[in-house]
Amino acid sequence: MNPRQRLASATRFGWPGVSLAVFTAAWGGNEFTPLLVMYREHSHMSTVVVDTLLFTYVLGIVPALLIGGPLSDRFGRRPLMLPSPVIAAIGSALLAAGPHSVALLAVGRVCSGIALGLAMAVGGSWIKELSDRDGAGVTAGARRAALSLTAGFGLGAAVAALLAQWGPWPNQFAYLVNIALAAVALVLLLPTPETRTGARQGRLVDDLKIPSVRKLRFWVLIAPTAPWVFGTCAVAYAVLPALLTPFTGGWEIVFAGICCLVGLTAGFFVQTLGRKVDRPGSPRALAISMVLVATGMVLAAVAVNVLTVPMALLAAAVLGCGYGMTLISGLLEVQRIAGPDDLAGLTAVFYGLTYLGFASPAILAWVNGRFDIGYPAMLLFGAVIALIGLAVVLGGSRGPVAARLGIGRHHEEDVLGAQNPAERVGQSG
């Protein structure tokens, strides 16, 4: 096979198959969220139990992220990514089988989390490497991975809400759709070419160290912004729908799905602009993302104060924009920081930080119950925290700190000059 034929084969069986697998895992991870009302009302589960089930899938995500990413750097992307759609299907099957069983629902959520963790850490790296192999622009891989996740999160929640509210078999049908998607994704993954050739030498335990995570740039630019990726989502599609339930009687499940769809659709489209805003050596994409987060939190505070559906949807849309910009800008920065052998590992750490934000609904509920502060005040405090994160990012772009981090105009010119012509064309487009 000549080089042109090899390139054609890689393009045909390349990133789209991995993208569908990532989409499927994200669908499975978020299809449960708008059904929380259904489990409270029809399965007679307490709010504490349901909220715990919502969080349990993080128990699968974090180990899969932190272990799967580094292992794929050593053994390759295929061996770690192929199980993802299989585990996603198992998770959905358990959720469909146990609408009244806390144990089955908990195990199903953990399986969904494992599938999603592998997709986020391994699938994202595989998409980037396949995109690079196809000659795409330098930001194409991160953009395709982020869009695949966002589309899966949004459509999974929206379709699940519609099927649970008005479709047949409300406790099962949404999960059966995910199982079918997982089967198709597995078939498309099988012929996808490996991008990590040659086993890494050394001890397996050394792979878990992830040298790039020790870089100051990661902790100054990524750590203050990453938790807001899913912190914004949690407010948009968990906090807002729950507080507006009395005003959406009869279609409360669909409203939760609409909040998911509005927020994640906004995030989907804003990511396409993220590539144009982002520049190597500049923190402006991260800074813009934090401005969007702070604005969204203020609007969320207004929404829970006035308790109107239009205001809640507006807040969800702006929070979704914050989600999209923090995700794409964070992924692009991670790909610049990572060394040649720990891209998946550093991506895993990044996603691990993003899921810290998923605990925000539980934290807000506990604080409100303990101190009776009220959600508007707490959400406004969240906006202040986002602005502090913005100050950290901007502070790191000036003076001696910027010099240590490699941020600034001259560094940007050096990075652009080091890229090949094809990369420069892809970036300017």
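Structure: see above.
Please read these numbers as outputs of a predicted model, since none were measured by experiment.

**With respect to the overall build of the protein chain**
Summing up its helical and strand segments, the protein chain has 20 helices and zero strands in all. Scored against the burial criterion, the 429 residues of the protein chain give a buried share of 57%. For the protein chain, restricting intrachain contacts to residue pairs at least 6 apart in sequence, the fraction spanning at least 24 positions comes to 83%. Here the protein chain has roughly 16,700 Å² of accessible surface; of this, 70% comes from carbon and sulfur atoms.

**Observations regarding the packing of aromatic side chains**
Under the defined criterion, the tally for this structure stands at eleven aromatic pairs. On the numbers, 5.6 Å between centres and 90 degrees between planes, the contact of Phe153 with Phe230 is edge-to-face. Remark: Phe230 occurs in helix α11 (residues 228-243) and Phe153 occurs in helix α8 (residues 140-166); sequence separation between them is 77 residues. Exposure remark for Phe153: the relative accessible area of 2% places this residue in the buried category. Among the aromatic residues, ring-to-ring pairing joins Tyr57, Phe153, Phe230, Tyr323 and Tyr355 into one connected group.

**With respect to a nonpolar patch on the surface**
A grouping of Phe381, Val384, Ile385, Ile388 and Val392 is seen on the molecular surface, where their side chains present a nonpolar patch of about 430 Å² in accessible area. Here Ile388 is to be found in helix α17 (residues 375-395).

**Quick look at the side chain of Asn178**
Relative to the assigned elements, Asn178 resides in helix α9 (residues 173-189). There is a polar contact of 2.7 Å between the side chain of Asn178 and the side chain of Ser92.

**Focus: unusual backbone geometry**
Residues other than glycine seldom take positive phi values, yet Trp169 does so here, at roughly 45 degrees. Here Trp169 shows up in the loop between α8 and α9. Given a relative accessible area of 53%, Trp169 falls into the exposed group. Phi angles above zero are rare outside glycine, and Asp372 is one such case at about 55 degrees. You can see Asp372 is positioned in the loop between α16 (360-371) and α17.

**As for the nonpolar core**
Tyr39, Leu116, Phe153, Phe218, Phe230, Phe350 and Tyr355 are the most contacted members of the largest nonpolar core, which has 118 residues in total. Among the elements that make up this core, the one with the highest residue count is helix α14 (residues 309-337) (15 residues). If sequence neighbours within four positions are ignored, Phe153 has contacts with Ala26, Trp27, Asn30, Leu116, Phe230, Leu264, Tyr323 and Tyr355.

**Some points on the environment of Asn178**
Overall, the relative accessible area of 0% leaves Asn178 in the buried class. If near-sequence neighbours (up to four positions away) are discounted, Asn178 is found in contact with Thr24, Trp27, Gly28, Glu31, Ala88 and Ser92.

**Comments concerning the pattern of salt bridges**
The full count for this structure, using the stated rule, is five salt bridges. Note that Asp278 is salt-bridged to Arg336, the shortest N-O span being 2.1 Å. Of the two residues, Asp278 is situated in the loop between α12 (252-277) and α13 (284-306) and Arg336 in helix α14; the sequence distance between them amounts to 58 residues. A residue is classified by how much of its surface remains accessible, and Asp278, at 2% relative accessible area, is buried.

**Some details on the packing of helix α7 (residues 102-133) against helix α15 (residues 343-354)**
In contact at an axis separation of 8 Å, α7 and α15 are set at 130 degrees when each is read in the N-to-C sense. Our classification of the angle between α7 and α15 gives oblique. Note that α7 runs across α15; the crossing there is right-handed. Contacts from Met120, Ala121, Ser125, Lys128 and Glu129 of α7 reach α15 at Leu343, Ala344, Thr347, Ala348 and Tyr351.

**Description of the packing of α11 against α12**
In helix packing, the relevant descriptors are the interaxial angle and the interaxial distance, both defined with respect to the helix axes. Axis separation between α11 and α12 bottoms out at 9 Å; the angle between their running directions is 160 degrees. Accordingly, the angle class assigned to the pair α11 and α12 is roughly antiparallel. In this structure, α11 crosses over α12, and the sense of that crossing is right-handed. Of the residues in α12, those touching α11 at Cys233, Ala236, Tyr237 and Pro241 are Phe255, Ala256, Cys259, Cys260 and Leu264. Residues that form the contact of α11 with α12 fall into these classes: nine nonpolar, no polar and no charged.

Rules of the game
- Numbers given for residues are sequential positions, taken from 1 along each chain in its written order.
- With pLDDT at 70 or above as the cut-off, local features in this predicted model cover only qualifying residues; side-chain atom pairs require 80 or more to be listed or tallied, and sums for whole chains, interfaces and linings still use all residues.
- To get the side-chain values, take all heavy atoms of the structure and skip hydrogens and water.
- Secondary structure counts use DSSP, requiring at least four H or I residues in a row for a helix and at least two E residues in a row for a strand, with both numbered from the N terminus.
- Accessible area is worked out with a 1.4 Å probe on protein chains only. A residue is then buried under 20% of its type maximum, exposed over 50%, and partly exposed in between.
- In this analysis, two residues are considered to be in contact whenever any of their non-hydrogen atoms come within 4.5 Å of each other.
- Per-residue and other accessible areas follow the Shrake-Rupley method at a 1.4 Å probe size, with only the shown protein chains counted as cover for residues.
- Each pair of aromatic rings taken from Phe, Tyr and Trp, with Trp reduced to its six-membered ring, is defined by centres within 6.5 Å and is described as stacked if the planes are under 30 degrees apart, edge-to-face if over 60, and tilted in the remaining cases.
- A patch is a set of surface residues, each over 30% in relative accessible area and not in a salt bridge, joined within 9 Å for like charges and within 5 Å for the nonpolar side chains Val, Leu, Ile, Met, Phe, Trp and Tyr.
- Between Lys or Arg on one side and Asp or Glu on the other, a salt bridge is scored when a side-chain nitrogen of the former is within 4 Å of a carboxyl oxygen of the latter.
- Nitrogen and oxygen atoms within 3.5 Å of one another constitute a polar contact, given that in protein one can donate a hydrogen and the other can accept it, and given that sequence-neighbouring residues count only through two side-chain atoms.
- We call a set of buried residues a nonpolar core when its members are Ala, Val, Leu, Ile, Met, Phe, Trp, Tyr or Cys and they connect through side-chain atoms within 4.5 Å of each other.
- In this analysis, axes come from line fits to C-alpha atoms, helices being fitted only over the stretch in contact, and the angle between any two N-to-C directions falls in the range 0 to 180 degrees.
- Relative orientations are named as follows: roughly parallel for angles under 35 degrees, roughly antiparallel for angles over 145 degrees, roughly perpendicular for angles from 65 to 115 degrees, and oblique for any other angle.
- Note on convention: the crossing is left-handed when the near helix lies turned anticlockwise from the far helix by less than a right angle, right-handed when the turn is clockwise.
- Think of it as three bins: nonpolar holds Ala, Val, Leu, Ile, Met, Phe, Trp, Tyr, Cys and Pro, charged holds Asp, Glu, Lys and Arg, and polar takes everything else, Gly as well.

Purely geometric stuff here, so don't read any function into it on its own.
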